[in-house]
Amino acid sequence: MVQKTSAKESVLDAFERLVIDRGERAATLEAVAVEAGVSKGGLLYHFGAKKDLVEGLVGRMTSLAEADLEQLTAATDGIVSRFIRSSVVVGTPFDTTYIAMTRLAQSGLYPEANAALASVEHGWRTLIEEAVGDPAVARLVLLVGDGLYYNAALFPFDKQPTPSTELDDVIGAIEELARSRKA
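What counts and how
Residues numbered from 1 in each chain as written. Predicted model: local features only at pLDDT ≥ 70, side-chain atom pairs only at ≥ 80, totals over all residues. Heavy atoms only, no water. Patch = residues over 30% accessible without salt bridge, like charges linked within 9 Å, V, L, I, M, F, W, Y side chains within 5 Å. Areas by Shrake-Rupley, 256 points an atom, 1.4 Å probe, with all protein chains shown as cover. Salt bridge = Lys/Arg side-chain N within 4 Å of Asp/Glu carboxyl O. Helix = DSSP H or I, 4+ residues; strand = E, 2+ residues; numbered from the N terminus. Buried < 20%, exposed > 50% of the residue type's maximum accessible area, 1.4 Å probe, protein only. Polar contact = N/O pair within 3.5 Å; in protein donor to acceptor, adjacent residues only side chain to side chain. Contact = heavy atoms within 4.5 Å.

Caption draft 1: Layout of a nonpolar patch on the surface. Taken together, Y150, L154 and F155 make up a surface patch of nonpolar side chains, about 310 Å² in accessible area. Turning to its location among the elements, Y150 is positioned in helix 8 (residues 135-154). The exposure class assigned to Y150 is partly exposed, which follows from its relative accessible area of 45%.

Caption draft 2: The side chain of E16, seen in detail. Relative to the elements of secondary structure, E16 occurs in helix 1 (residues 7-22). For E16, the side chain forms a polar contact with the side chain of R60, separated by 3.3 Å. If we skip the residues at most four places from it in the chain, E16 touches L57, R60, T96, T97 and A100.

Caption draft 3: Local environment of the side chain of D134. Counting through the fold element by element, D134 comes out in the loop between helix 7 (111-132) and helix 8. Since its relative accessible area comes to 10%, D134 is described here as buried. The contacts of D134, once residues within four sequence positions are left out, are E129 and R181.

Written out as structure tokens, the structure is:
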């Protein structure tokens, strides 16, 4: 059974796309309504102002981040391995919302976007630090993840994923570093 997207979610999807594709300034209420295929009145029924759209996107990101943390915690291959491997995956709902949130944060107009991004990173860092037992190694894991994500998003290498053996080597080096710092 196919689940139908609610009008509210469709409007948030449209806002997200506009912010990513054309920037925060282009994501006016009128443009969002057109992109979502709803009347301006229909948009205003769910979101009375652009700030409400931003808050809706923050809520979406919070939910997606919670699910991401649950997946990391449940990963049978370990938190560090799952985090590193997921850093080369782009185009997911979390990824799309994360990109839109970074664009909103970069505009300097929405401190709630910055706070949401900081909260996501704090969640990751806390979980990873618990797994590796060292704040410096946890920070290193986050930075490696950022670098892998950057490369996957900007340099897709003909859409080929990073070879698993390369990720295995990176994960092994991080795990070795974590063990050596505990000794």
